[in-house]
Amino acid sequence: MTAPSTPPHPPEPAAHRYDAQRAARIETAWQDRWAREGTFVTPNPGEPNFDPSKPKFYCLDMFPYPSGAGLHVGHPEGYTATDIICRYKRMRGFNVLHPMGWDAFGLPAEQYAIQTGVHPAKTTRQAIETFRRQLQRFGFSYDWSREFATIDPDYYKWTQWIFLRLYHSWYDRAADRARPIADLVGALERGDLAITPSGDLVPASHAPASLLGEPVGVRLWHELSQDERRAFLDRQRLAFVGEQTVNWCPRLGTVLANEEVIDGRSERGGHPVHRRALKQWMLRITAYAERLARDAAGLDWPESTRTMQIEWIGRSEGAEIDFPLHGRDGSIRVYTTRPDTIFGASFMVVAPEHPLVDEILAGPGEADADVEAIGRYVAAARARADVDRMADAKEKTGVFSGLHALNPATGTPIPVWIADYVLMGYGHGAIMAVPAHDERDLAFAERFGLPIRDVVYSRTALAMRHFALHAPEPLRAEGRWIVALADFLGLVTTESIEPPGFGRAMATIASRRADEPDPTTCHIDPATYATELPGAAGADGTGGRRGVTRLTWLDAIETLGFTSFDDLAERFLAAGFHRAAHGAFEATGFAANSSSDQLSIDGLRTPEAKEAVIAWLERVGLGRRRVNFKLRDWLFSRQRYWGEPFPIAFDARGHHHPIDDAALPVLLPDLADFRPPESDDPAPMLAAARDWLHTTAAEAPVSTLPPESPLRREANTMPNWAGSCWYYLRFCDPHNSAAFASPEALAYWMGSTGIDLYIGGSEHAVLHLLYARFWHKVLFDLGLVPCPEPAARLFHQGMITSYAYQRSDKSLVPADAVDEPSPGRFVERATGEPVVQTIAKMSKTLKNVINPDDVIAEYGADTMRLYEMYMGPLDASKPWNPRDIVGCHRFLQKVWRLLIDEQTGTPRPPASAADPAVERALHRLIAKVGPDIERLAFNTAIAAMMEFIKTPGGGGGGGGGAGGAEGLTRDQAERFVLVLAPFAPHLAEELWSKLGHDRTLAFEPWPAFDPAMLRESTVELAVQVMGKVRGHITVPADADHASVERAALAEPRVRELIEGKTVRKVVVVPGKLVNIVAG
RNA sequence: GCCGGAGUGGCGAAAUGGCAGACGCGACGGAUUCAAAAUCCGUUCUGGGUGAAACCAGGUGUGGGUUCAAGUCCCUCCUCCGGCACCA
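Fair warning: this is a prediction, and the values are worked out from it, not measured in the lab. (Residues numbered from 1 in each chain as written. Chains lettered and ligands numbered in written order. Predicted model: local features only at pLDDT ≥ 70, side-chain atom pairs only at ≥ 80, totals over all residues. Heavy atoms only, no water.)

A.B. asks: I'm lost on the overall build of chain A in this one. Help?
C.D. replies: Helix and strand content of chain A: 36 helices and 37 strands. Within the span of chain A, comprising 1079 residues, buried residues form 52% of the whole. When contacts within chain A are restricted to residue pairs at least 6 apart in sequence, long-range pairs at least 24 apart make up 70% of them. Accessible surface, chain A: about 48,300 Å² in total, of which carbon and sulfur atoms supply 53%. (Helix = DSSP H or I, 4+ residues; strand = E, 2+ residues; numbered from the N terminus. Buried < 20%, exposed > 50% of the residue type's maximum accessible area, 1.4 Å probe, protein only. Contact = heavy atoms within 4.5 Å. Areas by Shrake-Rupley, 256 points an atom, 1.4 Å probe, with all protein chains shown as cover.)

A.B. asks: How should I be thinking about the packing of helix α28 (residues 861-870) against helix α33 (residues 985-994) in this particular structure?
C.D. replies: Any two packed helices are characterised by how steeply their axes cross, that is the angle between the axes, and by the distance between the axes. Running from N to C, α28 and α33 point in directions that differ by 125°, and their axes come no closer than 7 Å. By the angle class used here, α28 and α33 are oblique. Residue-level inspection shows Ala861, Asp862 and Arg865 of α28 in contact with α33, the latter providing Pro985, His986 and Leu987. In terms of residue class, the contact of α28 with α33 is made up of 3 nonpolar, 1 polar and 2 charged. (Axes fitted to C-alpha atoms, helices over the stretch in contact; angles between N-to-C directions. Parallel < 35°, antiparallel > 145°, perpendicular 65-115°, else oblique. Nonpolar A, V, L, I, M, F, W, Y, C, P; charged D, E, K, R; others polar.)

A.B. asks: I'm lost on helix α27 (residues 852-859) in this one. Help?
C.D. replies: For an α-helix the count is 3.6 residues per turn, leaving residues at separations of three or four pointing the same way. Every buried residue of α27 is listed here: Pro852, Val855, Ile856 and Tyr859. One side of α27 holds all its buried residues, which, seen down the axis, span an arc of 100°. For α27, the exposed residues set more than 90 degrees away from the buried face come down to Asp854, Ala857 and Glu858. Where the residues of α27 are buried, they touch α1 (20-37), α28, β33 (878-880) and α29 (885-899). Its side-chain oxygen placed 2.9 Å from the backbone nitrogen of Asp853, Asn851 serves as the N-cap of α27. Within two residues after α27, Gly860 carries a phi angle of roughly 100°, on the positive side. (Arc of directions from axis to C-beta. Polar contact = N/O pair within 3.5 Å; in protein donor to acceptor, adjacent residues only side chain to side chain.)

A.B. asks: Looking at this structure, how should I read empty space enclosed by the protein?
C.D. replies: Leftover empty space is mapped by rolling, across the atoms, a probe with the size of a water molecule. Using the criterion set out here, one finds 6 cavities of 30 Å³ or more in the structure. Taken as a whole, the largest cavity encloses approximately 70 Å³ of empty space. Residue lining of the largest cavity: 12 residues in total, with Leu899, Arg908, Pro910, Ala973 and Leu995 positioned closest to the centre. The set of elements that each furnish at least two residues to the lining of the largest cavity consists of α29 and α32 (970-980). For the lining of the largest cavity, the per-class residue count stands at 9 nonpolar, 1 polar and 2 charged. (1 Å grid on protein atoms, 1.4 Å probe; cavity = no way out; pocket = protein on both sides within 12 Å on 5 of 7 lines; lining within 4 Å. Points joined across faces, edges and corners; volume = space filled by probe spheres on them.)

A.B. asks: Explain the pairing of strand β12 (residues 316-324) here, please?
C.D. replies: A regular strand places its side chains so that they alternate between the two faces of the sheet. Taking burial as the measure, the 9 residues of β12 include 7 buried ones, the bulk of the element. Looking at chain direction, β12 and strand β13 (residues 331-336) are connected through 6 bridges and run antiparallel. The residue bridging Ala319 from the neighbouring strand is Thr336, located in β13. Hairpin connection from β12 to β13: 6 residues lie between these consecutive antiparallel strands, with Gly327 at a positive phi of about 80°. (Pairing = 2+ DSSP bridges.)

A.B. asks: Honestly, the environment of Pro788 in this entry has me stumped. Any pointers?
C.D. replies: Relative to the assigned elements, Pro788 resides in the loop between α26 (767-781) and β27 (794-795). Sequence separation between Pro788 and Thr753 is 35 residues, and the spatial gap between their C-alpha atoms is 7.4 Å. Other than its neighbours up to four places away in sequence, Pro788 contacts Ser752, His776, Lys777 and Phe780.

A.B. asks: Help me understand the nonpolar core in this model?
C.D. replies: In globular proteins that are soluble, nonpolar side chains generally tend to be buried together. Formed by 182 residues in total, the largest nonpolar core has its most connected members in Trp775 and Trp880. With 9 residues, the top contributor of residues to this core is helix α5 (residues 153-167). Aside from chain neighbours lying at most four places away, what touches Trp775 is Thr159, Ile162, Leu166, Leu283, Trp634, Phe636, Ala722, Cys725 and Trp726. Grouped together as the second largest cluster of nonpolar side chains are 57 residues, Ile374, Val378, Ala405 and Leu599 included. (Core = buried A, V, L, I, M, F, W, Y, C linked by side-chain atoms within 4.5 Å.)

A.B. asks: Looking at this structure, I do not really get the pattern of salt bridges. What am I missing?
C.D. replies: Taken as a whole, this structure holds 49 salt bridges when the rule is applied. Residues Asp154 and Arg730 are paired through a salt bridge, measuring 3.4 Å at the closest nitrogen-oxygen approach. Here Asp154 is found in helix α5, whereas its partner Arg730 is found in helix α24 (residues 727-730), with 576 residues between them in sequence. Classification of Arg730 as buried rests on a relative accessible area of 1%. Arg165 serves as the salt-bridge partner of Asp661, at 3.0 Å between the closest nitrogen and oxygen. You can see Asp661 sitting in the loop between β23 (656-658) and α22 (690-693) and its partner Arg165 sitting in helix α5, a full 496 residues away along the chain. Here Asp661 falls in the partly exposed class, since its relative accessible area comes to 32%. Arg165 sits in the buried class, given a relative accessible area of 13%. Each member of the salt-bridge network shares a partner with another, and the members are Glu320, Asp322, Arg333, Arg624 and Arg626. (Salt bridge = Lys/Arg side-chain N within 4 Å of Asp/Glu carboxyl O.)

A.B. asks: Hey, could you run me through the layout of surface pockets in this one?
C.D. replies: If you add up the space inside the second largest pocket, you get close to 540 Å³. Taken together, 23 residues line the second largest pocket, and the ones lying closest to its centre are Val241, Lys279, Gln280, Phe650 and Glu714. If you list the elements that add at least two residues to the lining of the second largest pocket, you get α7 (226-236), β7 (239-249), β11 (274-283) and β25 (710-713). In terms of residue count, α7 provides more of the lining of the second largest pocket than any other element does, 5 residues in total. The residue inventory of the lining of the second largest pocket, partitioned by class, reads 9 nonpolar, 6 polar and 8 charged.

A.B. asks: What should I look at first to understand the packing of α5 against α26 in this one?
C.D. replies: The geometry of α5 relative to α26 is characterised by a closest axis approach of 11 Å and an angle of 70° between their N-to-C directions. Judged by the inter-axis angle, α5 sits roughly perpendicular to α26. Between α5 and α26 lies a crossing whose hand is left-handed. Of the residues in α26, those touching α5 at Thr159, Ile162 and Leu166 are Phe774, Trp775, Val778 and Leu779. Here the contact of α5 with α26 is composed, by residue class, of 6 nonpolar, 1 polar and no charged. (Left-handed = near helix turned anticlockwise from the far one by under 90°.)

A.B. asks: I keep staring at the sheet that holds β13 and nothing clicks. Help me out?
C.D. replies: Backbone hydrogen bonds are what pair the strands of a sheet, in a parallel or an antiparallel way. Strand order in the open sheet formed by 3 strands is β13-β12-β20, and the pairing between neighbours is antiparallel. Across the chains shown, the open sheet's two edge strands, defined by having one partner strand only, are β13 and β20 (623-628). Averaged over neighbouring strand pairs, the angle between their axes works out to 30° when direction is ignored. Strands in contact with helix α21 (residues 606-620) are β12 and β20; relative to β20, the strand with the most contacts, it is inclined by about 125°.

A.B. asks: When you look at helix α16 (residues 502-511) in this model, what are you seeing that I'm missing?
C.D. replies: Among all positions of α16, only Phe502, Ala505, Met506 and Ile509 are buried. End-on view of α16: buried residues confined to an arc of 100°, all on one side of the axis. Of the residues in α16, the exposed ones pointing more than 90 degrees away from the buried face are Arg504 and Ser511. Where α16 is buried, its residues touch α14 (459-470) and α15 (481-494).

A.B. asks: Help me out: how do you make sense of the environment of Val241 in this one?
C.D. replies: Relative to the elements of secondary structure, Val241 occurs in strand β7. For the pair formed by Val241 and Met864, sequence separation is 623 residues and the distance between their alpha carbons is 50 Å.

A.B. asks: Is there a simple way to explain the packing of aromatic side chains in this structure?
C.D. replies: How two aromatic rings sit relative to each other is set out by the distance from centre to centre and by the angle between their planes. Per the stated rule, a full pass over the model turns up 59 aromatic pairs. Pairing Trp30 with Trp34 gives two aromatic rings, centres 6.4 Å apart and planes at 45°, and the pair type is tilted. One end of the pair is Trp30 and the other is Trp34, both in helix α1 and 4 residues apart, which spans about a single turn. What makes Trp34 buried here is its relative accessible area of 6%. Connected via pairs of aromatic rings, a cluster forms that spans Phe163, Tyr167, Tyr171, Trp281, Tyr288, Trp634, Phe636, Phe646, Trp721, Tyr771, Phe774 and Trp775. Looking at Arg284, its charged tip hangs above the ring of Phe240, at a distance of 4.1 Å from the centre. The positively charged end of Lys396 is found above the aromatic ring belonging to Tyr421, 5.2 Å away from the centroid. (Phe/Tyr/Trp six-rings, centres within 6.5 Å; stacked < 30°, edge-to-face > 60°. Lys NZ or Arg CZ within 6 Å of the ring centre and 35° of its normal.)

A.B. asks: So what exactly am I meant to see when it comes to unusual backbone geometry here?
C.D. replies: Across residues other than glycine, the phi torsion is negative in most instances, and most of the peptide bonds are trans. With an omega of 0°, the peptide bond running from Leu664 to Pro665 counts as cis. Looking at where Pro665 falls in the secondary structure, it is placed in the loop between β23 and α22. Residue Ala700 is joined to Pro701 through a cis peptide bond whose omega torsion reads -10°. Along the chain, Pro701 turns up in the loop between β24 (694-696) and β25.

Written out as structure tokens, the structure is:
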């Protein structure tokens, strides 16, 4: 430090420069002040300071799971976006609800506890502290007074309470909504409803006709025993106990997700995993399948997310059909979307898990069943997880069951096979196989030599068949038939002749002389006949010589490979066209080969054929129309410690009872050891808390039972999703102890459309967002929330990636071990070997993780916020480039220098008169930034601000160290600061205060702009000749079409180019350009 | 395999069918400075052309199409990213 010999330094030229240290001082000071003054504490309706005249804006971030690793640069991306919107909306006069909390139950904390023995509550609380500290350093305008975590007993009390609402509700199909189960009991007691033997509810007034024409055992409530009543009601509940097959790993003592099981062994440790059926709580989300799919279509959500949800729900329309077993009692029920192909069902396939398979294995065995082979196949198939079964789906496997079923349409016995390409989880775990019209069935049929029959043809194929079966003798002649067929197909397609007209068309062809050219010759679009006849030449569009129909069809016929007329006829007679031509025909068309003495659908189009088959099935009682969904009920039990306990206890007979509402929450018992015990039997973790587990009706309490009744608590816990399903509701009224939120708070903040803007990652596109919608709809049905959907507008921020470096052998080099000796060339420091720069997710192993704390230390929070928003479009994934941040920091420095004297730290003297150019630029800026914020286009808003600050003091070269504050008046400076405020709130507050204001700018009105100021008196237009810019003209902004045209044509360069040409057309686009078409 | 999304300078990117590359980074040149940092100014798609300009030609993954006009709309193919995967 001491250097007496050096000459004295001149005074530090910029004692008051905006740098990281100053940014840190400004930022923490303002954060303290906002906290101290409660600037962003938002009152609820009815509370002091609440202004009911303002509209509301509820803006929510997906709350984070606070991991021990702390905040990641991905987190603040979405949070900065919502913060900008919220600050903007406050300035636009909205009451803004902008809360933050913690999704804190979950596996990582539990696994950490297993390793270290530290209680998850402790590690989770520490992680929350870290997260809160890190978030607050960004200066986000959250109302921290509303903060909570899902692990707070005061919160999960209400999670349990909502679970009990599901438990106490049923889905009323007639009303198409959930209702309290007490209503159902009432209706049953009054005798309004009765119960069919299959457990369905029907109005007692009209007992339904039997499916099989036999009398039906519809029963009334009073005819049921206590146990029957209980069993019936339990089957109706939205929360019910069901049996699910799970992956149980005895060694780890836990259930594993499919993705954690690899080749029948656990991913962690490689221990054996068994498929075990387990009784668990399920939530009946399937009851809402229709509404969840329908309502998804109307939301302002990303198209991709809506599509994913709709496909996940997977609605399909079809029929449920019973195939009676041949030679024994019983039937196999299948679901099909193509009942019209029933005549082509030449075998059946049941899943290895199908109940019938157990019967076969248990029974004496059918005459031709190889029970041993079946046993082996089934055991092998069941051991494999669904994922693995699907992985090698190409090669079909299966085994004959020894049984036959009767195809109800043809009356023919067809074999029943067992194969794992049929899944128990969808439909009824059994299919009717129609190999001519389903690729999978075809592959299976070919593998095992099963019959394949066409029952649907495209119109062209049908015409071909008509020709094969009905062509008059002369047309069949060697040498003639191909041309005749080509002409016939040409005529049918070009004239769009429907099947009833085939006879007449044939007569037309037959009446021609053999050598006569085809009079229908005309253009044919290859795509048209490609869709009509897949597999034909030209189906890919290449062979379609535009032009001659006959040639086209000759090509097509040749590709199909018929060698003679007899060959053609034979293929159709054997109903084997599709297989020979191109594999399974899965499209719609016309039914064929589909007649019996009971039913004929030949010639019907697919939709009508479906209707006819369904009508017939319903008439004879062998099937019915059915809408099916891929969506399955939600498995809601976890054999974990760190989750919400269920408010349920079981009595000695195993019947479940709800804990009294008034006694909630059921607290999570303390455990000392979080290691799951090794066990062959799946056992939930909480069973280890023996004192807690065993209780009585008085203690639990369950007031519907005698007080001394012994009870065993439900020892499973709820899944991670439970807490995140409704947190947005609690934020409306987080400290309410009488309700999960007051109706008034919900009515105000949720309104009729819910959250106004919800931002979070697209990885939650299906599960969280679908589960939350489901809970919301249940609460809506029960009258507990005012709107049918949780969020009107949803947006997914993109992922922030980072650079990673690959050696030539593709192995990865940590980012901090790489040098860039020259631009674009990267070498590994240790070896000097060149490496390739790639873009990858941030991960510890790549050592390319950016820590927000470090970035803030280097540049300040305002700079980091600005950079994250400036990187690119919010929804795009984009790489973090440390080199680019400095641009945003310099921008803030320039803003500072524009208004503050760096020598003294005091405001620079403002311009005394407004420069009209600056004023116009400011209006343009205001006009751009507002709408850009509304559409979340922060990158372009920031670019506009950067552009603006170049205006004042620019032009005239007032540059140099002096900057150019003399270019801005006080009023202009203030308006600019307000525009900047949502993006860099700390700096803006500091400037605002230095400009002489003592109150926060958070509620200052957003500056207005005058549209008249956006208009220039003259505009420069580009002049194009034939679409190429050849010059520019300057015309009055309000110049009319004719004068603009005149000016353009008078432009010397234009005159030169159109010399000797005729001006055919002049296009004038006002304010943009003129295009002269000459030739 | 299927369904999404995306391919634009050296890099991040911008562009209601209307002058491609705004804005930022980097690079290069200059000013300031004893010097540096910082700051300020200028240049920066490619090729041709010029002392410098003007100007000319080409250019938004590929090939076609629609249009007075295409990064943008339509079709083909290629590549990358994300999701789903025998759903009867």
